[in-house]
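# Residue-level structure breakdown
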Amino acid sequence: MADVYYDITDDVKRDVLAATDLVALIGAATALKKTGRSWKGLCPFHNEKTPSFHVHPEKGFYYCFGCGAKGDAISFVRETERLEFAEAVAYLARRAGVALPVRKSGTRVDRAKETRTAEALAAAAAFFRYALRRHAGALALLEKRGLSEEEAVGFGIGAAPDSWDALKTTLSGRFAEETLLESGLLQKSPETGRVYDRFRNRVTIEIHDARGEVLGFGARSLGDEMPKYLNSPETSRFSKGKLLYGLDRAKEAIRKHDTAIIVEGYFDRIALARAGCENTVASMGTALTPAQADLLARHAATVIAAYDGDPAGIAASYKAFPLLLARGISVKHLVLPGGHDPDSYLAAAGAEALRAAVEGAPALVAALLARIPGPGSDPSARAARLREAVEIVSQARDTVLRHELLSALSRGTGVPLAVLRGSAPAPERPGPRPEAGGPSADERRSGTSPQLPEGEERILSALMMDWVDARPLVRRIPPEIFSHPIAKEIFTALRAVAETDQTLDFSELESHVGADAGPLVARLLLQEPTASGKTEEGVRGLARLHIPLLQLKIRHLEEKAAALQPEIHRAEISGDKNAHARLSREKHGLAVEVARLKAELKSELRRPSSRDARE
Ligand SMILES: [Zn+2]
């Protein structure tokens, strides 16, 4: 096989997966029994006595509630036959009788195609930079952040005009429509077949690979249009979870300090760079993925986690810690005062304060200790936080370091080292866990997939169960109403899939989410639908969403209004009458909307048909 290369595009991959009989493939390794729409058997990846391994042929994936093993036919063959990706696809293609397009490595045609895509993205970047000059709305948004036009362009920021075809018209003389569609710059409406600009009336941010080549764009809306951030679609070239935004520019500074700062958003990265911390990269709106942690580990010995200071941001940091420690990285945690993120803190407190905060970021143990309540407080709350801290430091790869971190926790809390050690789990090893017997599937369930707030999980579950009916609805639900980052991530992935796909397919959906969300996606997809297709039952299932959606919307607007209060206060103190009036008006507007939604909720709850949704 060494001298033959297969040209495995996303289309080829899809064809091979579609032609593969997943139940027959996996059934050869373990006996499967049909239960509802899925098949169940003993997990081939871990030892168990009662089956917790599911295969869902329609959605093309397997999932084990016991050990968390999951994937499609390709990952199954890779795991069991120890094959590389291309070999696994070739193996399945032979098995299913699908002919693969063969090529010699890097034939002229392939290279030309890749070059054209890269050129189209570079041309789009130049167009957006040029368009920024004439886009008053985009310039105003940047000015509010203290960014001049020249400075913004220096950071790879541009603007997409408020038009359906400005980019299309400009580039179509030089590039084939197919190239522009493939590079994600244009998109095609599945209903009408119309082709139009993907990014419209937005501030655009170039996303480069480590060498500085444009791979795609992030694009922020100017007002409240949803989604707030729209990214280039996921392709084999552009995969958000495997990239770190800003690495091309940050590389040198990271090497110099042997330290990287990891933040959530594009503008956080830009804010820190402007404050002189050039060694900053962003995980682009998601919690750090294992692939991003690998990338960080290749560049820096120390990482400062500087996610937002709000509860979601702190949760994201706590998820990043074990990933970083497991890769031998020394970790610090920066929490900015007042729930600020680096971008808002730069605006509120200035460059010097932001730089000082970074320099004073406490080492991991100190940061963990700061969030453990003192000995006088509620013992169970204290124990929970302490256990969380022990679990995090137990992921340190180096045994000596692990001992040092545990000792420091022991000294800081006064809890004897032996007690902490007793509650420490073994560091996580990649791959399936070889365990015999073990707890039941239900007991392990919570261990392998994250717990979401109940209302949010119910909404996701209802949408995924009745996808045919839910698909048009998905576009109208703003992602902001989900508070849990994983819920938001899965919902955003559903929106992306809804634009193109009639059916929900595991590999497609999983390619849109980070590793943390994968198990939950699998669990939700394994639910039996309430009804197939457009039946009354399916529609009723979706109607039940109305109440939890209203509740989430109300909560979201109330939080938004509460967040305005400190700004109003600041405007009052600084005597900025205009800002004060504008913010007060905004807050009043939110209050009116909340009152309206509450009235709607009240009348919904009174309706007899909604009784089952009340609970
Ligand atoms: Zn298993």
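Residues numbered from 1 in each chain as written. Predicted model: local features only at pLDDT ≥ 70, side-chain atom pairs only at ≥ 80, totals over all residues.

### Some points on the overall build of the protein
- Regarding its fold elements, the protein presents 29 helices and 17 strands.
- Counting only residues that meet the buried cut, the protein has 38% of its 615 residues in that class.
- Taking the intrachain contacts of the protein between residues at least 6 apart in sequence as the baseline, contacts between residues at least 24 apart amount to 65%. (Helix = DSSP H or I, 4+ residues; strand = E, 2+ residues; numbered from the N terminus. Buried ≥ 20, exposed ≤ 12 C-beta atoms within 10 Å, placed from the backbone. Contact = placed C-beta atoms within 7 Å.)

### Regarding the sheet that holds strand S13 (residues 229–231)
- Strands sit in the order S8-S11-S12-S13 across an open sheet of four strands; the sheet is antiparallel. Unpaired on one side and paired on the other, strand S8 (157–160) and S13 mark the two borders of the sheet. The sheet shows a mean angle of 30° between the axes of neighbouring strands, direction not considered.
- Examined bridge by bridge, S8 and strand S11 (residues 202–208) share four bridges and lie antiparallel to one another. In the sheet register, Gly158 faces S11, and the bridge partner there is Thr204. (Pairing = 2+ DSSP bridges. Axes fitted to C-alpha atoms, helices over the stretch in contact; angles between N-to-C directions.)

### What to know about the sheet that holds strand S14 (residues 259–263)
- Read from one edge to the other, the open sheet built from four strands follows the order S15-S14-S16-S17, with strand pairing classed as parallel. The open sheet has two edge strands with one neighbour each: strand S15 (280–282) and strand S17 (330–333). Direction aside, neighbouring strands of the sheet carry axes that sit 30° apart on average.
- As judged from the three bridges shared by S14 and S15, these two strands associate in the parallel manner. Across the sheet, the residue bridging to Val263 is Ala282, located in S15.

### So, the pairing of strand S12 (residues 214–221)
- The element S12 is largely enclosed, with a buried count of six among its eight residues.
- Judged from the seven bridges that link them, S11 and S12 form a sheet pairing that is antiparallel. What sits directly across from Val203, in S12, is Arg220.
- In the sheet, S12 pairs with S13 via three bridges, with the strands oriented antiparallel. From the neighbouring strand, Gly218 faces S13, where its bridge partner is Asn231.

### A short note on the pairing of strand S2 (residues 32–35)
- Two elements, S2 and strand S3 (residues 38–41), share four bridges in a ladder whose sense is antiparallel. Residue pairing in the sheet places Leu32 in a bridge with Gly41 of S3.
- Here S2 hands over to S3 after two residues, with Gly36 in that stretch at a positive phi of 65°.

### Concerning the packing of helix H1 (residues 10–19) against helix H4 (residues 85–96)
- Two elements in contact, H1 and H4, have axes separated by 9 Å at closest approach and are oriented at 45°. Judged on the interaxial angle alone, H4 and H1 are oblique. As for how H1 packs across H4, the hand of that crossing is left-handed. In this structure, H1 uses Lys13, Val16 and Ala19 to contact H4, whose residues at the interface are Val89, Leu92, Ala93 and Ala96.
- Partitioned by chemical class, the residues of the contact of H1 with H4 number six nonpolar, no polar and one charged. (Parallel < 35°, antiparallel > 145°, perpendicular 65-115°, else oblique. Left-handed = near helix turned anticlockwise from the far one by under 90°. Nonpolar A, V, L, I, M, F, W, Y, C, P; charged D, E, K, R; others polar.)

### Some points on unusual backbone geometry
- At the junction of Met226 and Pro227, the peptide bond is cis and its omega measures out at -10° in the coordinates.
- Within the secondary structure, Pro227 is located in the loop between S12 and S13.
- Even without a glycine there, the phi angle at Asn201 is positive, about 50°.
- The exposure class assigned to Asn201 is partly exposed, which follows from the 19 C-beta atoms found within 10 Å.

### Notes on helix H23 (residues 485–500)
- End to end, H23 covers 24 Å across 16 residues, agreeing with the expected 22 Å (1.5 Å per residue, within 8%).
- Most of H23 is tucked away: twelve of the 16 residues are buried.
- Tucked into the core, H23 has its buried residues touching helix H13 (311–325), helix H21 (454–465), helix H22 (467–474), helix H24 (506–510) and helix H25 (518–525). (Expected span 1.5 Å × (residues − 1).)

### A word on the nonpolar core
- Within the largest apolar cluster, 93 residues are counted, with the highest numbers of intra-cluster contacts made by Ile262 and Val303.
- Broken down by element, the residue count for this core peaks at seven residues, all from H13.
- Counting contributing residues per domain, this core is built from domain 2 (108–238) and domain 3 (247–361), each supplying no fewer than three.
- For Ile262, the contacting residues outside a window of four places in its chain are Val281, Ser283, Leu288, Leu296, Val303, Ala305, Ala306 and Ala320. (Core = buried A, V, L, I, M, F, W, Y, C linked by C-beta atoms within 7 Å. Domains from an automatic or database assignment.)

### Quick word on the environment of Asp248
- The topology assignment puts Asp248 in helix H10 (residues 247–257).
- The partly exposed category is assigned to Asp248, around which 18 C-beta atoms lie within 10 Å.
- Between the C-alpha atoms of Asp248 and Ala210, which are 38 residues apart in sequence, the distance is 4.2 Å.
- Not counting the four nearest positions on each side in its chain, Asp248 is found in contact with His208, Asp209, Ala210, Arg211 and Gly212.

### Focus: the packing of H21 against H23
- Contact pair H21 / H23: the axes reach a minimum separation of 10 Å and the direction vectors enclose 20°. With respect to H23, the axis of H21 lies roughly parallel. Crossing handedness for the pair H21 and H23: left-handed. Note on element contacts: H23 touches H21 through Ala487, Ile490, Phe491 and Leu494, opposite Glu456, Leu460 and Leu463.

### A look at the confidence of the model for the protein
- Residue-level pLDDT values for the protein average 84, and 89% of them are 70 or greater.
- For the stretch residues 531–538, pLDDT sits under 50, and the model shows ten contacts to residues farther than four places along the chain or on other chains.
- Every residue in residues 610–615 is under pLDDT 50, and counting partners more than four places away or in other chains gives seven contacts. (pLDDT = per-residue confidence, 0-100.)

### Things to note about the environment of Leu323
- Of note, Leu323 is situated in helix H13.
- In the structure, Leu323 is positioned 32 residues away from Ala291 in sequence and 9.8 Å away in space, judged by C-alpha atoms.
- Residues in contact with Leu323, not counting those within four places in the same chain, are Leu288, Pro290 and Ala293.

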